[in-house]
Amino acid sequence: MKQAVGRALVHPKNTPVEFIDKLNKEIRVGLTDPKIMSRITDLGGVALASSPAEFGRLISDEIEKFGNVIKFAGIKPE
């Protein structure tokens, strides 16, 4: 079983949408390159190309999910 390790590109608040869209487009193009995908796989990775909005929803969902786990488990900050 492979361990899931997240990697993402993030940007400062107020980064122009045009720049974000261009970067996302070029990354998606790169992920269609078999050589790049092969290297990612060789390193044990799995590439998932998504839109900035999809990634934002994923992060929000994960924060909510793990926040609930932390509350249920009674975990307190040290």
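Read on for a plain summary of the structure. Model, not experiment: these values are computed from the prediction.

1. Examining the overall build of the chain
Part 1 of the reasoning: On a plain count of helices and strands, the chain comes out with three helices and zero strands.
Part 2 of the reasoning: Reading the secondary structure of the chain in the N-to-C direction produces α-α-α.
Part 3 of the reasoning: In summary, the chain has a C-alpha radius of gyration of 16 Å against a globular reference of 12 Å for 78 residues, an excess of more than 25%.
Part 4 of the reasoning: With the C-alpha coordinates aligned to their principal axes, the bounding extent of the chain is approximately 45 × 40 × 20 Å.

2. Overview of a nonpolar patch on the surface
Part 1 of the reasoning: On the surface, a nonpolar cluster with roughly 380 Å² of combined accessible area is contributed by Leu-9, Phe-19, Leu-23 and Ile-27.
Part 2 of the reasoning: Note on Ile-27: relative accessible area 34%, which makes it partly exposed.

3. As for unusual backbone geometry
Part 1 of the reasoning: Despite not being glycine, Asn-14 shows a phi value in the positive range, around 70°.
Part 2 of the reasoning: As for its position among the elements, Asn-14 is in the segment before helix H1 (17–30).

4. Observations regarding the side chain of Thr-15
Part 1 of the reasoning: Checked against the element boundaries, Thr-15 lands in the segment before H1.
Part 2 of the reasoning: At a separation of 3.4 Å, a polar atom in the side chain of Thr-15 contacts the side chain of His-11.
Part 3 of the reasoning: Among the polar contacts listed, one links the side chain of Thr-15 to the backbone oxygen of Pro-12, at a separation of 2.5 Å.

5. Considering helix H3 (residues 52–73)
Think of an α-helix as 3.6 residues a turn; residues three or four steps apart then line up on the same face.
Part 1 of the reasoning: Between the first and last C-alpha of H3 there are 31 Å, a value that for 22 residues agrees with the 32 Å anticipated at 1.5 Å per step.
Part 2 of the reasoning: Immediately downstream of H3, the backbone of Gly-74 shows phi near 70°, a positive value.

6. Side note on the pattern of salt bridges
Two side chains of opposite charge can pair, provided their charged atoms sit close to one another.
Part 1 of the reasoning: Within the structure shown, the criterion is met by two salt bridges.
Part 2 of the reasoning: Across the pair Glu-26 and Lys-22 runs a salt bridge whose closest N-O atoms are separated by 3.1 Å. Placement of the pair is Glu-26 and Lys-22 together in helix H1, with a separation of four residues, close to one helical turn.
Part 3 of the reasoning: In this structure Glu-26 comes out as partly exposed when scored by relative accessible area, which is 36%.

7. Quick look at the side chain of Asn-24
Part 1 of the reasoning: Looking at the element boundaries, Asn-24 is found in helix H1.
Part 2 of the reasoning: With relative accessibility at 19%, the residue Asn-24 sits in the buried group.
Part 3 of the reasoning: Ignoring anything within four residues of it in the chain, the contact list for Asn-24 reads Ser-50, Ser-51 and Pro-52.

8. Observations concerning the environment of Asn-24
Part 1 of the reasoning: For the pair formed by Asn-24 and Leu-9, sequence separation is 15 residues and the distance between their alpha carbons is 9.3 Å.
Part 2 of the reasoning: A polar atom in the side chain of Asn-24 sits 2.9 Å from the backbone oxygen of Ser-50.

Cut-off values and rules
- Residues numbered from 1 in each chain as written.
- Predicted model: local features only at pLDDT ≥ 70, side-chain atom pairs only at ≥ 80, totals over all residues.
- Heavy atoms only, no water.
- Helix = DSSP H or I, 4+ residues; strand = E, 2+ residues; numbered from the N terminus.
- Rg over C-alpha atoms; globule rule 2.2 N^0.38 Å.
- Patch = residues over 30% accessible without salt bridge, like charges linked within 9 Å, V, L, I, M, F, W, Y side chains within 5 Å.
- Areas by Shrake-Rupley, 256 points an atom, 1.4 Å probe, with all protein chains shown as cover.
- Salt bridge = Lys/Arg side-chain N within 4 Å of Asp/Glu carboxyl O.
- Buried < 20%, exposed > 50% of the residue type's maximum accessible area, 1.4 Å probe, protein only.
- Polar contact = N/O pair within 3.5 Å; in protein donor to acceptor, adjacent residues only side chain to side chain.
- Expected span 1.5 Å × (residues − 1).
- Contact = heavy atoms within 4.5 Å.

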